[in-house]
Amino acid sequence: MGSALVELRRFDEAVAAAKKALRQNPSDLVAYRYLAAAFAHLGREGEAREAAASVLAVDPAFTISASSPGAGKPTRSC
């Protein structure tokens, strides 16, 4: 749900959805990722950093590139 709300640019709702998910599962890596993204889009930089730090607390080996669609696949140049 958080991803859809972020894609729809409904950032306040994305924050609420991520916080609800985290109340149910405090180690939900995906919820922390979307919480960080929503906070960043809202200009709430400090809270975005805290959520991003929580991503690393849950999974210290996390990287953006490894979690992105198509990670590890060769890219095409123009």
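Anyway, here's the lowdown on the structure attached to this text. What you see is a predicted model, and the numbers here were worked out from it, not measured in a lab.

## Focus on the overall build of the chain
Scanning the chain for helices and strands turns up five helices and zero strands. Traced from its N-terminal end to its C-terminal end, the chain shows the element sequence α-α-α-α-α. Long-range contacts, defined as pairs at least 24 residues apart, comprise 38% of the intrachain contacts of the chain with a sequence gap of at least 6. Carbon and sulfur atoms make up 55% of the accessible area of the chain, which amounts to about 5500 Å² in all.

## Some details on the nonpolar core
Val-6, Ala-14, Val-15, Leu-22, Leu-35, Ala-38 and Phe-39 are the most contacted members of the largest nonpolar core, which has 17 residues in total. When contributions to this core are tallied by element, the ones reaching two or more residues are α1 (2–7), α2 (11–24), α3 (29–41) and α4 (45–58). Top element by residues in this core is α3. It accounts for six residues.

## Some thoughts on the pattern of salt bridges
In total, this model carries three salt bridges according to the counting rule given. The partner of Glu-13 in a salt bridge is Arg-10, and the shortest N-O contact between them spans 2.6 Å. Classification of Arg-10 by relative accessible area gives partly exposed; the value is 38%. In this structure, the salt-bridge partner of Glu-45 is Arg-49, at a minimum N-O distance of 3.0 Å. With a gap of four residues between them, Glu-45 and Arg-49 both fall in helix α4, about one helical turn apart. Like Glu-45, the residue Arg-49 is exposed in the burial classification.

## Remarks on α2
Compared with an ideal rise of 1.5 Å per residue, which puts 14 residues at 20 Å, α2 spans 20 Å between its outermost C-alpha atoms and is within 8% of the ideal. Buried residues of α2: Phe-11, Ala-14, Val-15, Ala-18 and Leu-22, and no others. Take α2 and look down its axis: the buried residues cluster within an arc of 100°, on one side only. In α2, the exposed positions angled more than 90 degrees off the buried face are occupied by Asp-12, Arg-23 and Gln-24. Considering only its buried residues, α2 is in contact with α1 and α3.

## Here we look at the packing of α2 against α3
Packing of α2 against α3 brings their axes to within 9 Å, and their N-to-C directions diverge by 155°. Relative to α3, α2 is oriented roughly antiparallel. For α2 against α3, the interelement crossing comes out left-handed. Taking contact as the criterion, the partners of Phe-11, Ala-14, Val-15, Ala-18, Lys-19, Ala-21 and Leu-22 in α2 are, on α3, Ala-31, Tyr-32, Leu-35, Ala-38, Phe-39 and His-41. Across the contact of α2 with α3, the residue classes tally to 11 nonpolar, one polar and one charged.

So, how was this worked out
- Residues numbered from 1 in each chain as written.
- Predicted model: local features only at pLDDT ≥ 70, side-chain atom pairs only at ≥ 80, totals over all residues.
- Heavy atoms only, no water.
- Helix = DSSP H or I, 4+ residues; strand = E, 2+ residues; numbered from the N terminus.
- Contact = heavy atoms within 4.5 Å.
- Areas by Shrake-Rupley, 256 points an atom, 1.4 Å probe, with all protein chains shown as cover.
- Core = buried A, V, L, I, M, F, W, Y, C linked by side-chain atoms within 4.5 Å.
- Buried < 20%, exposed > 50% of the residue type's maximum accessible area, 1.4 Å probe, protein only.
- Salt bridge = Lys/Arg side-chain N within 4 Å of Asp/Glu carboxyl O.
- Expected span 1.5 Å × (residues − 1).
- Arc of directions from axis to C-beta.
- Axes fitted to C-alpha atoms, helices over the stretch in contact; angles between N-to-C directions.
- Parallel < 35°, antiparallel > 145°, perpendicular 65-115°, else oblique.
- Left-handed = near helix turned anticlockwise from the far one by under 90°.
- Nonpolar A, V, L, I, M, F, W, Y, C, P; charged D, E, K, R; others polar.

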